[in-house]
Amino acid sequence: MLSVKDISLTFGHKKLFENVSVVFSPGSRYGIIGANGTGKSTFLKIVNGEQSADKGTIFIDPKARLGWLRQDHYRFDDETVLNTVYQGDAKLWKIMRERESLYQKGDLTDAEANHLGELEGEFMEIDGYSAESKASEFLVGLGIPARYHNELMKEIPIQYKFRVLIAQILFQKPEVMLLDEPTNNLDIKTITWLEEYLTDYDGTILIVSHDRHFLNAVCTHIADIDYSEMRVYSGDYDYYQHASSIAKDQKLTDQAKKEKKAAELKSFIARFGANKSKARQATSRQKQLDSMEMEDIRPSSRVFPRIFFKPKRELGKD
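Residues numbered from 1 in each chain as written. Predicted model: local features only at pLDDT ≥ 70, side-chain atom pairs only at ≥ 80, totals over all residues. Heavy atoms only, no water.

> Looking at this structure, I do not really get the packing of helix 5 (residues 131-141) against helix 7 (residues 188-199). What am I missing?
The description of two helices packed together rests on the angle between their axes and the distance between the axes. Across the interface, helix 5 lies against helix 7 with an axial gap of 9 Å and an inter-helix angle of 130 degrees. Classified by the interaxial angle, the pair formed by helix 5 and helix 7 is oblique. Packed against helix 5, whose contacting residues are Glu 137, Phe 138 and Gly 141, the element helix 7 presents Thr 190, Trp 193 and Tyr 197 at the interface. Taken together, the residues that form the contact of helix 5 with helix 7 break down as three nonpolar, two polar and one charged. (Axes fitted to C-alpha atoms, helices over the stretch in contact; angles between N-to-C directions. Helix = DSSP H or I, 4+ residues; strand = E, 2+ residues; numbered from the N terminus. Parallel < 35°, antiparallel > 145°, perpendicular 65-115°, else oblique. Contact = heavy atoms within 4.5 Å. Nonpolar A, V, L, I, M, F, W, Y, C, P; charged D, E, K, R; others polar.)

This is the structure we're talking about:
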């Protein structure tokens, strides 16, 4: 359904990605996480085609529709809320506009009447007559009262505008869905509704979010971006934390064993390197030392908030 291969991207002196290759399984939901500035949103833009990578390839099944949660609700200011949602389905929206234009015209030529008949057939085929009820269902689920559904986007309360964009992509029902911070400005009730909807969704979803509870509820995989790499873990966010901690501890243990072994080899070489009777053994140990690979274990680039209380003086009895 969706995969990226050898994706690399550098902005100025900052390297965001280096040879990133991931196959995203159909029907799975991936939480894209990482420190601020690691390129989470940029990665979605690369997949969507809005950002070009320096190198690498993106494969999306030609039959799959790609849905991208837009952050710019101002572009729809002169559209009604329902019309904004309809535009999630490009084919439906095109037919709706052509139908409306012909109906408003009134007197039609034979060619126009025939075309209107064709449009009606296509409209029925894609279940266009139920579009309003489906769109309204999404809007109500996202906490937008029915009284706003026929209002212009520029006239509805600001807290509802982003929710309309979420409804737009859900209405589209794409096979691949890209969501960038979908829980922004949503209340708990609406987040719960969205969690339940996405959990039952059949398509592949990539989600950028800082909401660990949302990631736990929705995601089947976690894709961690750190030091220009992307590592994918099966499971939700809590499982990722556990698995990544175990992996890090294992690396530290292995590194400690290697360092101890290296110290023993160096000690033997230093003691017996000049000894002719031990020369062969010293040479053998030198080869072992040269072949050892010490892994560069770097701490996460994440910065966590901390609070320090520094007393003005040392504590006493009183």
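> Whenever I open this one, the nonpolar core confuses me. Can you help?
Where a protein is soluble and globular, its nonpolar side chains tend to be buried together. Ranked by internal contacts, the top residues of the largest apolar core, which has 52 residues, are Leu 170 and Leu 198. Considering each element in turn, this core owes the most residues, nine residues, to helix 6 (residues 158-172). Residues within four places of Leu 170 in sequence aside, it is in contact with Phe 138, Met 177, Trp 193, Leu 194, Tyr 197 and Leu 198. By size, the runner-up hydrophobic cluster in this structure holds 23 residues, among which are Leu 2, Phe 17, Val 20 and Val 47. (Core = buried A, V, L, I, M, F, W, Y, C linked by side-chain atoms within 4.5 Å. Buried < 20%, exposed > 50% of the residue type's maximum accessible area, 1.4 Å probe, protein only.)

> Sorry, what's going on with the pairing of strand 8 (residues 221-226) here?
Across a regular strand the side chains alternate sides, sitting on one face of the sheet and then on the other. Within strand 8, six of the six residues are buried, which leaves the element mostly enclosed by the surrounding structure. Burial along strand 8 is two-sided: His 221, Ala 223 and Ile 225 facing one way and Ile 222, Asp 224 and Asp 226 facing the other are all buried. Relative to strand 9 (residues 229-234), strand 8 runs antiparallel, the two sharing six bridges. Paired with Asp 226 across the two strands is Glu 229, which belongs to strand 9. Between strand 8 and strand 9, which pair antiparallel one after the other, the connecting turn spans two residues, and Tyr 227 there sits at a positive phi close to 50 degrees. (Pairing = 2+ DSSP bridges.)

> In this structure, what is going on with the packing of aromatic side chains? I would like to understand it.
The geometry of an aromatic ring pair is captured by the separation of the ring centres together with the interplanar angle, meaning the angle of the planes. Enumeration according to the criterion identifies twelve aromatic pairs in this entry. Taking the centre distance of 5.8 Å and the plane angle of 65 degrees together, the rings of Phe 17 and Phe 43 count as edge-to-face. Here Phe 17 is found in strand 2 (residues 14-24), whereas its partner Phe 43 is found in helix 1 (residues 40-48), with 26 residues between them in sequence. Its relative accessible area of 1% is what places Phe 17 among the buried residues. Relative accessible area serves as the criterion here: at 0%, Phe 43 is assigned to the buried category. On the numbers, 5.9 Å between centres and 45 degrees between planes, the contact of Tyr 197 with Tyr 201 is tilted. Of the two residues examined, Tyr 197 and Tyr 201, each falls in the buried class. The cationic tip of Arg 99 hangs over the ring face of Phe 123; the distance from NZ or CZ to the ring centre is 4.0 Å. (Phe/Tyr/Trp six-rings, centres within 6.5 Å; stacked < 30°, edge-to-face > 60°. Lys NZ or Arg CZ within 6 Å of the ring centre and 35° of its normal.)

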